[in-house]
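# Remarks on the overall topology
Chain by chain, the residues:
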Amino acid sequence: MRASGVLMPVSSLPSRYGIGCFSKEAYEFVDCLERAGQSKWQVLPLGPTGYGDSPYQPFSTFAGNPYFIDLDTLVEEGLLYKEECERLQCGGDPRFVDYERIYFSRNEILRKAYERFSADEKFHAFCKKEQEWLEPYCLFRAIKDSQNGALWTTWPEELRKSGSKEVQDKKKELEKEMEYYQFLEYEFDRQWNKLKAYANKKGITIIGDLPIYVAIDSADAWANPKMFQMDEDGVPSAIAGCPPDAFSATGQMWGNPLYDWKVQKKTGYKWWIQRMKRSFVLYDTVRIDHFRGFAEYYAIPAEAENTMEGEWVEGPGIDLFRAMEKALGEMDVIAEDLGTLDDKVFDLMDETGYPGMKVLQFAFDSGNTNFYLPHHYKRNCVVYTGTHDNDTTKAWYYGMNDWAREYSKAYLNNYDRPWEDIPWDFIRAAEASVANLAVIPMWDLLCCGSEGRMNHPSTLGENWKWRMLPGEFREDIIGRLRWLTDTFQRMLVPPKTEEEQEENEDETDASVSEGV
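About the criteria used
- Residues numbered from 1 in each chain as written.
- Predicted model: local features only at pLDDT ≥ 70, side-chain atom pairs only at ≥ 80, totals over all residues.
- Heavy atoms only, no water.
- Buried < 20%, exposed > 50% of the residue type's maximum accessible area, 1.4 Å probe, protein only.
- Helix = DSSP H or I, 4+ residues; strand = E, 2+ residues; numbered from the N terminus.
- Pairing = 2+ DSSP bridges.
- Lys, Arg positive; Asp, Glu negative; His and termini not counted.
- Salt bridge = Lys/Arg side-chain N within 4 Å of Asp/Glu carboxyl O.
- Polar contact = N/O pair within 3.5 Å; in protein donor to acceptor, adjacent residues only side chain to side chain.
- Contact = heavy atoms within 4.5 Å.
- Patch = residues over 30% accessible without salt bridge, like charges linked within 9 Å, V, L, I, M, F, W, Y side chains within 5 Å.
- Areas by Shrake-Rupley, 256 points an atom, 1.4 Å probe, with all protein chains shown as cover.
- Charge placed at Lys NZ, Arg CZ, Asp CG, Glu CD.
- Axes fitted to C-alpha atoms, helices over the stretch in contact; angles between N-to-C directions.
- Parallel < 35°, antiparallel > 145°, perpendicular 65-115°, else oblique.
- Left-handed = near helix turned anticlockwise from the far one by under 90°.
- Nonpolar A, V, L, I, M, F, W, Y, C, P; charged D, E, K, R; others polar.
- Arc of directions from axis to C-beta.

This brings us to the pairing of strand 4 (residues 238–242). Two faces, one strand: in a regular strand the side chains alternate between the faces of the sheet. In terms of burial, strand 4 is a largely internal element, 5 of the 5 residues being buried. Of the pairings in the sheet, the one linking strand 4 to strand 5 (residues 252–257) comprises 3 bridges and is antiparallel in character. Of the residues in strand 5, the one forming a bridge with Gly241 is Met253.

Here you go:
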């Protein structure tokens, strides 16, 4: 079925307290999607962010980001006072997240909420259900706090080994601090599940984002060092990255530890199965980032000075996905197959059958044979105008070389389009394509310039900050998107009400009776 959706990070939603969260504005955004005929909401990873604020470098691949907990909901639950929330210093510019202020203000007020919280049966049931990942994560965060937030690879030797006697002693000593982090995950889980259920009831499903790698400074690496190419002290032999490509002319050194796929296979890929199982609790569809790394991954020696010293190494291939599907059943996955591609990647895509990604910003720089041009698409793909790693479409268009811009004009037949409105021609091309799914970033719907860019790969400090202002998703934009969505047969099909379902059941029963 043809469908359309919007890419909108939770952090970019409007809200009263400095960063998007699971607040009333999130529910209003879902309502806007419904009015625009959209059936998909794609988000960026929801994990707890650390240094650099990147959602692709979380402290845990299983946990949720406490920044997204709605404070007004905690007020309603009697855990906070409205006056406390209003006194928060969340940053002065509603257009951008001030992560430094958010870090200090959120931690302080969430601790106040925890102090007023009384653990009940629901809380204990949650902790028991999620114990396998929740306990090591909360212990990791508690020890990290006791070490003044230091990278775990710099902790005292006895604490670097998660199974040591000293760590078990710390577990008893830091029991209260661990419970604080359990409380955060409990509140995150409740609020996100409620928002997701609200969207699902309207027929809107959530596309989540799963980074292929975990951060070195994470509970995942600390608690499972044998699963990675590193020793028990956290010293990696090689790190993740990629050679020069369309996103970076010099390549990228991500710094993530690489998996030891031989060890992963010996366990039956248990850790990956657990990870995907958790992902499908949080999301309806999972976009797997850097999918080509499962065919071959780029390994850069840990001591290397640049990406050119790396090499491609064979990954787990189809074996991993067969193991996950055997354990979890059929998975609704989107494969992020961008970057340097070869036959091994194409073969893995064919074997899995997962839809890949097409990005229109990659389509116009090399003539009519470029496979990102819509006339080359197959139905089993997802088309985007751009991604979180691209500049906005308007800013990209301004920066195109003259030949590529003229070719795009010829292709789209938009010689007379005002440049301020140019993203809508690319939105139209995406919606009109044969791709089963078209996903449009919110910043392109709003025709943002470079101020709306979410991420500059291989840079720190100015990323993941953009936010939509209250009221910016205007009714004229909603109507324009709805018109395109309807024109190209991608409209949201509202789910049947309970009354309609009962009527259908009654009609079915009557038909069966007549047949008898």
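Resuming the write-up.
Turning our attention to the side chain of Asp337. By secondary structure assignment, the location of Asp337 is in the loop between strand 9 (333–335) and helix 14 (343–352). Buried charge Asp337 goes without a salt bridge, the closest partner of opposite sign being Lys358 at 5.5 Å. Side-chain polar atoms of Asp337 contact the backbone nitrogen of Met357, separated by 2.8 Å. Leave out the neighbours within four places in its chain, and Asp337 touches Met349, Gly356 and Met357.

A few words now on a negative patch on the surface. A surface patch of negative charge is lined by Asp343, Asp347, Asp350 and Glu351. Along the polypeptide, Glu351 turns up in helix 14.

A few words now on unusual backbone geometry. Peptide bonds are mostly trans, and most non-glycine residues show a negative phi. Positive phi, normally seen in glycine, also occurs at Asp53, with a value near 65 degrees. Within the secondary structure, Asp53 is located in the loop between strand 2 (40–42) and helix 2 (71–76). According to the relative accessible area criterion, Asp53 is partly exposed, its value standing at 22%. In this structure, Asn148 is a non-glycine residue whose phi angle is positive, near 60 degrees. For Asn148, the location among the structural elements is in the loop between helix 6 (131–146) and helix 7 (157–160).

Let us now look at the packing of helix 12 (residues 270–282) against helix 13 (residues 318–328). Axis separation between helix 12 and helix 13 bottoms out at 10 Å; the angle between their running directions is 55 degrees. When the axis of helix 12 is compared with that of helix 13, the two are oblique. Relative to helix 13, helix 12 is oriented so that their crossing is right-handed. From helix 12, Trp272, Ile273, Met276 and Lys277 reach across to helix 13, where they touch Leu320, Ala323, Met324, Ala327 and Leu328. Residue classes in the contact of helix 12 with helix 13 are distributed as 8 nonpolar, no polar and 1 charged.

Moving on, we come to the sheet that holds strand 7 (residues 296–301). Neighbouring strands of a sheet are bound in pairs by backbone hydrogen bonds; such pairs are parallel or else antiparallel. Taken in spatial order, the 4 strands make up an open sheet running 5-4-7-8, and their pairing is antiparallel. Of all the strands in the sheet, the pair left with one neighbour each is strand 5 and strand 8 (311–314). For this sheet, the mean angle separating the axes of adjacent strands, direction not counted, is 50 degrees.

Helical geometry: 3.6 residues make up each α-helical turn, so side chains three or four residues apart lie on a common side. Along helix 14, the residues classified as buried are Val345, Leu348, Met349 and Thr352. Each buried residue of helix 14 sits inside an arc of 100 degrees when the element is viewed along its axis, so together they form one side. In helix 14, the exposed positions that point more than 90 degrees away from the buried face belong to Asp343 and Asp350. Where helix 14 is buried, its residues contact helix 13, strand 9 and strand 10 (356–359).

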